[in-house]
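What the coordinates show
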Amino acid sequence: MNFNKKRLKANIGSVAFEIDAEAYEMLAEYLDDIDSRCQDSSDRMGTMHDIEMRIAHIFKEHIVPTQEVVTVWLVRKAMTAIGNPEDFGKRRREPGSRSAKKFHRLIRPRDERVIGGVCGGIARYFELDVSLVRVLTFLLIFFGGISIWAYVILWIVIPEERRIMQ
């Protein structure tokens, strides 16, 4: 048993899990393959949510207190229970080609912060240069009439990037 494996925290079906990095990659590819086969409609998000909820339920059923990490074995068990991606129909797009903008979250990154990470998070979300966002923020606060309180409120409201557990 290797205790030095990299572990991640993941939110699957609105439930937080600690998951082995290899298992996470396997699960992400599986879900992306299923997503690539779903029709682009409002039902697609509901279908993916239902699948994630079922996977979370399977994980909760099989995780024991002595082993609270989702492993490759458990991901394979969930994949077997859900079924092959081919069961969801023909591919409508290549897996991994979904628009990254559509699935972005506004967070305060740990690696691009000067004060609170608000400018770094906004730059990452809108795919802009962080220096440009910082200069615009400075100009808006000191010359544009936006209060420093707006920055402080964003600092409080925008969640911080999660740490990856190793």
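For the structure, check the block above.
What counts as what
Residues numbered from 1 in each chain as written. Predicted model: local features only at pLDDT ≥ 70, side-chain atom pairs only at ≥ 80, totals over all residues. Heavy atoms only, no water. Helix = DSSP H or I, 4+ residues; strand = E, 2+ residues; numbered from the N terminus. Buried < 20%, exposed > 50% of the residue type's maximum accessible area, 1.4 Å probe, protein only. Contact = heavy atoms within 4.5 Å. Areas by Shrake-Rupley, 256 points an atom, 1.4 Å probe, with all protein chains shown as cover. Polar contact = N/O pair within 3.5 Å; in protein donor to acceptor, adjacent residues only side chain to side chain. Pairing = 2+ DSSP bridges. Axes fitted to C-alpha atoms, helices over the stretch in contact; angles between N-to-C directions. Parallel < 35°, antiparallel > 145°, perpendicular 65-115°, else oblique. Nonpolar A, V, L, I, M, F, W, Y, C, P; charged D, E, K, R; others polar.

With that settled, consider the overall build of the protein. Assigned secondary structure in the protein consists of 6 helices and 3 strands. Taken from N to C terminus, the helices and strands of the protein fall in the order β-β-α-α-β-α-α-α-α. Split into buried and exposed, the 166 residues of the protein put 31% on the buried side. Long-range contacts, defined here as pairs at least 24 residues apart, represent 59% of the contacts in the protein between residues at least 6 apart. Just so you have it, the protein exposes about 11200 Å², and 56% of that area is on carbon and sulfur atoms.

Tracing the backbone shows Asp20 in strand β2 (residues 15-20). Here the side chain of Asp20 touches Glu22 through a polar contact of 2.8 Å, landing on its backbone nitrogen.

With that out of the way, let us pick up the sheet that holds β2. Taken together, 3 strands build an open sheet; the order of strands is β1-β2-β3 and the sheet is mixed. Strands at the two margins of the open sheet, each flanked by one partner only, are β1 (7-12) and β3 (69-70). Its contacts with the sheet put helix α1 (residues 21-37) on β1, β2 and β3, and the angle it makes with β2 is roughly 115 degrees.

At a closest axis distance of 10 Å, the pairing of helix α4 (residues 118-125) and helix α6 (residues 148-157) adopts a crossing angle of 70 degrees. Considered as vectors, α4 and α6 are oriented roughly perpendicular to each other. Within the contact between the two elements, α4 uses Val118, Cys119 and Ile122 and α6 uses Tyr151, Leu154 and Trp155. In terms of residue class, the contact of α4 with α6 is built from 6 nonpolar, no polar and no charged.

Next up on the list: the pairing of β2. Both β1 and β2 contribute to a ladder of 6 bridges, which runs antiparallel. For Asn11, the partnering residue across the bridge sits in β2 and is Ala16. Hairpin remark: β1 followed by β2, antiparallel, with 2 residues in the connecting loop; positive phi at Gly13, about 60 degrees. Both β2 and β3 contribute to a ladder of 2 bridges, which runs parallel. Looking at β3, one finds that Ile19 is bridged to Val70.

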